[in-house]
Amino acid sequence: MATAIQFDLKTAFHNWREKLRQSPHFRAENLEELEAHLRDSVTVLQSKGLAADEAFLIGTRRVGTPEALEGQFAAENGGRGWRDGLRRFFHNYKNRFLHLLILAYFAFGCWLLWGCLRVSQMIEPAARRADSLARVDYLGVPAFTRLFWNLMPYWYLPPLFAALYCGLVWTRKSAAKSSWFAFFSFATAFLFLLLIPVLIAAELPVISFLDRLPPRTFQAP
């Protein structure tokens with residue numbers, strides 16, 4: 001038989017207040033007033049026979065959601081200088097800007113992978129000339145490399161899809177709930193999964209070119 005987890009009312013009050021404290025729109029006296037109001041509401045509800053968790057849930061609904069309280073006290077408190085205004089702006093748009101920075105990082109990473117393949121393409125003419133001078137048949141580019149070369153014109157598609165996702169984050173009202181860390185983890189994992197095959201595809205023409213050079217090419221005269 002499973003044991004029910006006992007609801008800790010003290011911890012619930014603490015977590016509720018800490019969540020509000022993260023917003024720059026609340027002053028210390030605002031938090032004291034709201035917590036006192038919530039405690040009084042919970043006490044009244046418990047006196048009517050409600051359990052602690054039920055009384056706390058109903059009490060927080062009566063006090064108001066964090067979003068509604070934030071808007072209310074932002075209008076009441078107003079600003080106290082440009083620093084407070086900047087702090088409120090950063091709090092409201094921090095998640096959106098972090099998504100934008102991650103998008104730039106992801107696009108730059110995709111461009112670097114494209115650059116590695118582009119360098120390997122520049123090796124092919126040199127390999128052709130080397131085989132021509134050595135009067136041997138040109139063996140061509142490995143099929144694995146050729147596959148990635150054919151995908152090069154579409155390197156911008158992953159950043160484009162990431163940009164569309166960031167557009168949704170910027171336009172949604174619940175943008176603060178979109179985790180920038182999850183977006184960063186996905187972008188990093190995607191780049192890492194592409195890194196190894198792209199490096200292999202880029203190195204194969206170089207290795208093949210070096211193998212076909214005459215043995216005395218790098219020997220001192």
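Residues numbered from 1 in each chain as written. Predicted model: local features only at pLDDT ≥ 70, side-chain atom pairs only at ≥ 80, totals over all residues. Heavy atoms only, no water.

Colleague: Please explain helix H2 (residues 28-47) as it appears in this structure.
Modeller: Because each turn of an α-helix spans 3.6 residues, side chains separated by three or four positions end up pointing in the same direction. End to end, H2 covers 29 Å across 20 residues, agreeing with the expected 28 Å (1.5 Å per residue, within 8%). Of the residues making up H2, those classed as buried are Asn30, Leu31, Leu34, Glu35, Leu38, Ser41, Val42 and Leu45. Viewed along the axis of H2, the buried residues span an arc of 125 degrees, placing them on a single side of the element. Facing away from the buried side of H2 by more than 90 degrees, the exposed set consists of Ala28, Glu33, Asp40, Thr43 and Ser47. (Helix = DSSP H or I, 4+ residues; strand = E, 2+ residues; numbered from the N terminus. Expected span 1.5 Å × (residues − 1). Buried < 20%, exposed > 50% of the residue type's maximum accessible area, 1.4 Å probe, protein only. Arc of directions from axis to C-beta.)

Colleague: Is there a simple way to think about the pattern of salt bridges in this case?
Modeller: Two side chains that carry opposite charge are able to pair once their charged atoms sit near each other. Within the structure shown, the criterion is met by three salt bridges. Note that Arg17 is salt-bridged to Glu32, the shortest N-O span being 2.9 Å. Taken together, the residues Arg17 in helix H1 (residues 9-21) and Glu32 in helix H2 connect sequence positions 15 residues apart. Since its relative accessible area comes to 14%, Arg17 is described here as buried. Note that Glu35 and Arg39 form a salt bridge whose closest N and O atoms lie 2.9 Å from each other. Placement of the pair is Glu35 and Arg39 together in helix H2, with a separation of four residues, close to one helical turn. On the accessibility criterion, Arg39 (36% relative accessible area) is partly exposed. Connected through salt bridges with shared partners, the residues Arg17, Glu32, Glu35 and Arg39 form a single ionic network. (Salt bridge = Lys/Arg side-chain N within 4 Å of Asp/Glu carboxyl O.)

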